[in-house]
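Descriptive structure summary
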Amino acid sequence: MMYMHHDLPDGPCACTTLRKAARAVGRVYDEALADNGMTTAQFAILRHVSRGEPLPLSRLADSLMMDRTSLYRAIAPIEARGWVTVVAGPGKAKLASLTPEGRVAMEGAEADWGAVQQRIVGAMGAEQWAGLQASLRTLTDLAQHA
């Protein structure tokens, strides 16, 4: 039996619904960060690296829920811009650190990111936002153990 998307027995596809929301929200953040010469994904990488430098790329990939190949492709333009350095670490590990230019770029983008964050979270309300965060953490855990 063929179903329309909204007529599925278990409701709309969770993956499709989440991807639509992610694309819509991502567009808003990307537009806000465009004047800073970076994407939301690049901003996220810079922030994660800044919180744990030098940060092993394997840990960075895990914290961003990315496979390593995707992370390597995503970090290459950031490294080319001189915002991060990636050096050999212990064993086969590679370690990422922000450069001074990367720290300036990240800090320069924080106000634009913060304005969008405030607009979205403010429109939802703190309680609804906290509930959504909790639901997304649960969903992420479920997906990782599926």
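All of these numbers come straight from a predicted model, not from anything done at the bench.

1. Points about the overall build of the chain
- Across its full length, the chain holds 6 helices and 3 strands.
- The secondary structure elements of the chain, listed N-terminal to C-terminal, are α-α-β-α-α-β-β-α-α.
- Principal-axis analysis of the C-alpha atoms gives the chain an extent of 55 × 35 × 25 Å.
- Within the chain, counting contacts between residues at least 6 apart in sequence, those at least 24 apart form 50% of the total.
- A total of about 9600 Å² of accessible surface is found on the chain, and carbon and sulfur atoms cover 58% of it.
- If you average the places of the 15 positive and of the 15 negative side-chain charges in the chain, the two averages end up 5 Å apart.

2. A look at the nonpolar core
- Counting 22 residues, the largest nonpolar core has M38, I45, L46, V49, L60, L71 and I75 as its most contacted members.
- Of all elements in the fold, only α2 (40-52), α3 (57-63), α4 (68-80), β3 (94-98) and α5 (100-124) reach the threshold of two or more residues within this core.
- Beyond its immediate stretch of four places on either side in the chain, I45 contacts L60, L64, L71, A74, I75 and I78.

3. Describing unusual backbone geometry
- Of note, the amide linkage connecting E53 to P54 takes the cis form, showing an omega dihedral of -10 degrees.
- Looking at where P54 falls in the secondary structure, it is placed in the loop between α2 and β1 (55-56).
- Despite not being glycine, M65 has its phi angle at roughly 60 degrees, a positive value.
- Along the chain, the position of M65 falls in the loop between α3 and α4.

4. Some words on the environment of S63
- Mapping S63 onto the fold places it in helix α3.
- According to the relative accessible area criterion, S63 is partly exposed, its value standing at 38%.
- Measuring from C-alpha to C-alpha, the distance between S63 and V84 comes to 17 Å, with 21 residues separating the pair along the chain.

5. Overview of the packing of α5 against helix α6 (residues 126-144)
- The contact between α5 and α6 brings their axes to 6 Å, and the two run at 100 degrees. Taken as axis vectors, α5 and α6 run roughly perpendicular relative to one another. Judged by residue contacts, Q117, V121 and M124 of α5 engage A126, Q128, W129 and L132 from α6.
- Counted by class, the contact of α5 with α6 contains 5 nonpolar, 2 polar and no charged residues.

About the criteria used
In this numbering scheme, every chain counts its residues from 1 along its sequence in written order. Only residues with pLDDT of at least 70 get local features here, since the model is predicted, and only at 80 or more are side-chain atom pairs given and counted; chain-wide, interface and lining totals rely on the full set of residues. In computing side-chain properties, one takes all heavy atoms of the structure into account and sets aside hydrogens as well as water. Going along the chain from the N terminus, every DSSP run of H or I of four or more residues is numbered as a helix, and every run of E of two or more is numbered as a strand. Only heavy atoms enter the contact rule, under which two residues are in contact if any of them lie within 4.5 Å. In these tables, accessible area is a Shrake-Rupley quantity obtained with a 1.4 Å probe, and a residue counts as shielded only by the protein chains included in the view. Asp and Glu count as negative and Lys and Arg as positive, but His and the ends of the chain are not part of the count. We put the charge of a Lys on NZ, of an Arg on CZ, of an Asp on CG and of a Glu on CD. Each nonpolar core is a collection of buried residues, namely Ala, Val, Leu, Ile, Met, Phe, Trp, Tyr and Cys, held together in the definition by side-chain atoms within 4.5 Å. Remark: exposure states derive from per-residue accessible area (1.4 Å probe, protein chains only) relative to the maximum for the residue type, with buried under 20%, exposed over 50%, and partly exposed in between. In this description, a line fitted to the C-alpha atoms serves as the axis of each element, helices being fitted only across the stretch in contact, and the angle between N-to-C directions of two axes falls anywhere from 0 to 180 degrees. Comment on the angle field: the value is read as roughly parallel under 35 degrees, roughly antiparallel over 145, roughly perpendicular from 65 to 115, and oblique elsewhere. As a working rule, the residues Ala, Val, Leu, Ile, Met, Phe, Trp, Tyr, Cys and Pro are called nonpolar, Asp, Glu, Lys and Arg charged, and the rest polar, with Gly in that last group.

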